[in-house]
Every structure is written in structure tokens, then in C-alpha cells.
Amino acid sequence: MCDDTSSRINNELESTGFKWVSVYPSKQQLWDEMFEELKLFNAKHGHTNVPQKHADSSKLGTWVKNQRQEYRHYKAGNKKKSRGMCEEKILSLENIGFIWNTKDAAWDKNFEALQDYQLEHGHADVPTKD
């Protein structure tokens, strides 16, 4: 019965020329705004690893963390938890140098530094700092 009433009200309003306009931005609009903010952060700092507790960008840091979580769910096939993550968003993020797994990226960077050290010094016995 509620559906019939709701449908009737919608039809009557629309017959008067009533426009259904949301005062709230869509999920895509919100994503686009945060993506633009991430691009600005990247231009300023040279990376997209926004700290979650950064004073100027805590909202952005949380958004970045959420993108990583949604990406993992998307890749695992869990559509409900991926919250709209899609190939287009993935490509957009990757095109600005977004790193999906920061631990793997840090390991790769340090391993590359070790290889460079080995080439320069002939060994991989890196001295520790005292």
C-alpha cells in the first residue's frame, strides 16, 4: 500500500513539472572531488601516500585508505564491499602513480637500494648506523 501511495504522489508531483533534484552530491561526484584533491596533494608532495592523520588532509587520508580496501575487495570479487570500485577508477588512480600496496612498494624500493649498494661496493653487507 505504501508503494502505491508513494507512486501516486510521485506521479502527481511530476505531472506539475516537479523536478527531482538532490541537494546531496552523488557518490561519483564525491569520488571525483576527492580524486582532484589527491591530484593536488600529489603535485605538492610528489606522491599519493596521504597519511591518515595528516592535519591538512585527514579526510583525504581516510579516502585513500578506503580506495585501497575497496580495490582489494574488487580484486577478490566481493562487489558489495568494493563500493563502486571499477576499472575506470583503478586506471585513473594508477595514472597518477597511486600505490595499492604500500608495504610491497616500500620493500621493492629498499631491495632496489640494496642492489644499487651491492653494485657500488661489491657486496650486500650494509653497515648499520651507530
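The rules behind these values
- Residues numbered from 1 in each chain as written.
- Predicted model: local features only at pLDDT ≥ 70, side-chain atom pairs only at ≥ 80, totals over all residues.
- Heavy atoms only, no water.
- Helix = DSSP H or I, 4+ residues; strand = E, 2+ residues; numbered from the N terminus.
- Buried < 20%, exposed > 50% of the residue type's maximum accessible area, 1.4 Å probe, protein only.
- Areas by Shrake-Rupley, 256 points an atom, 1.4 Å probe, with all protein chains shown as cover.
- Polar contact = N/O pair within 3.5 Å; in protein donor to acceptor, adjacent residues only side chain to side chain.
- Contact = heavy atoms within 4.5 Å.
- Core = buried A, V, L, I, M, F, W, Y, C linked by side-chain atoms within 4.5 Å.
- pLDDT = per-residue confidence, 0-100.
- Phe/Tyr/Trp six-rings, centres within 6.5 Å; stacked < 30°, edge-to-face > 60°.
- Expected span 1.5 Å × (residues − 1).
- Salt bridge = Lys/Arg side-chain N within 4 Å of Asp/Glu carboxyl O.

This next bit is on the overall build of the protein chain. Each helix and strand counted, the protein chain has six helices and zero strands in total. Sequence-ordered secondary structure for the protein chain, helices as α and strands as β, is α-α-α-α-α-α. Taken across its 130 residues, the protein chain has 21% of its residues classed as buried. For the protein chain, the exposed surface amounts to about 10400 Å²; the carbon and sulfur share of it is 52%.

Position of N42 among the secondary structure elements: in helix α2 (residues 27-45). At 3.1 Å, the side chain of N42 and the backbone nitrogen of H47 are in polar contact. Every residue in contact with N42, bar those within four places of it in the chain, is listed here: H47, T48 and I96.

One finds L38, L60, W63, V64, L93 and W100 to be the most contacted residues of the largest nonpolar core, which totals 16 residues. Elements represented by at least two residues in this core include exactly α2, α3 (58-75) and α5 (87-95). Among the elements that take part in this core, α2 stands out by supplying five residues, more than any other. Setting aside residues up to four positions removed in sequence, L93 forms contacts with W31, F35, L38, W63, Q67, F98 and W100.

This paragraph deals with the confidence of the model for the protein chain. For the protein chain, per-residue confidence averages 83 on the pLDDT scale, and residues scoring 70 or more make up 83% of the total. Averaged over each element, pLDDT in the protein chain is lowest for helix α6 (residues 102-121) (69) and highest for α5 (95).

Below, the discussion takes up the packing of aromatic side chains. All chains considered together, the criterion is met by four aromatic pairs. Taken together, a centroid distance of 4.7 Å and an interplanar angle of 65° make the contact between F98 and W100 edge-to-face. Residue classification places F98 among the buried residues on the basis of a relative accessible area of 6%. Since its relative accessible area comes to 13%, W100 is described here as buried. The structure contains a cluster of three or more aromatic residues connected by ring pairs, namely W31, F35 and W63.

Take α3 next. In a regular helix each residue adds 1.5 Å, so 18 residues correspond to 26 Å; α3 covers 26 Å between its end C-alpha atoms and thus fits that length. Looking only at α3, the buried set comprises L60, G61, W63, V64, N66, Q67, R68, E70 and Y71. The positive-phi residue at the C-terminal boundary of α3 is G77, with phi of around 85°.

The final tally for this structure, using the stated rule, is two salt bridges. The closest approach of N and O atoms between E36 and K39, which form a salt bridge, is 3.1 Å. Here E36 pairs with K39, and both are found in helix α2, just three residues apart, close to one helical turn. A relative accessible area of 41% means that E36 is categorised as partly exposed.

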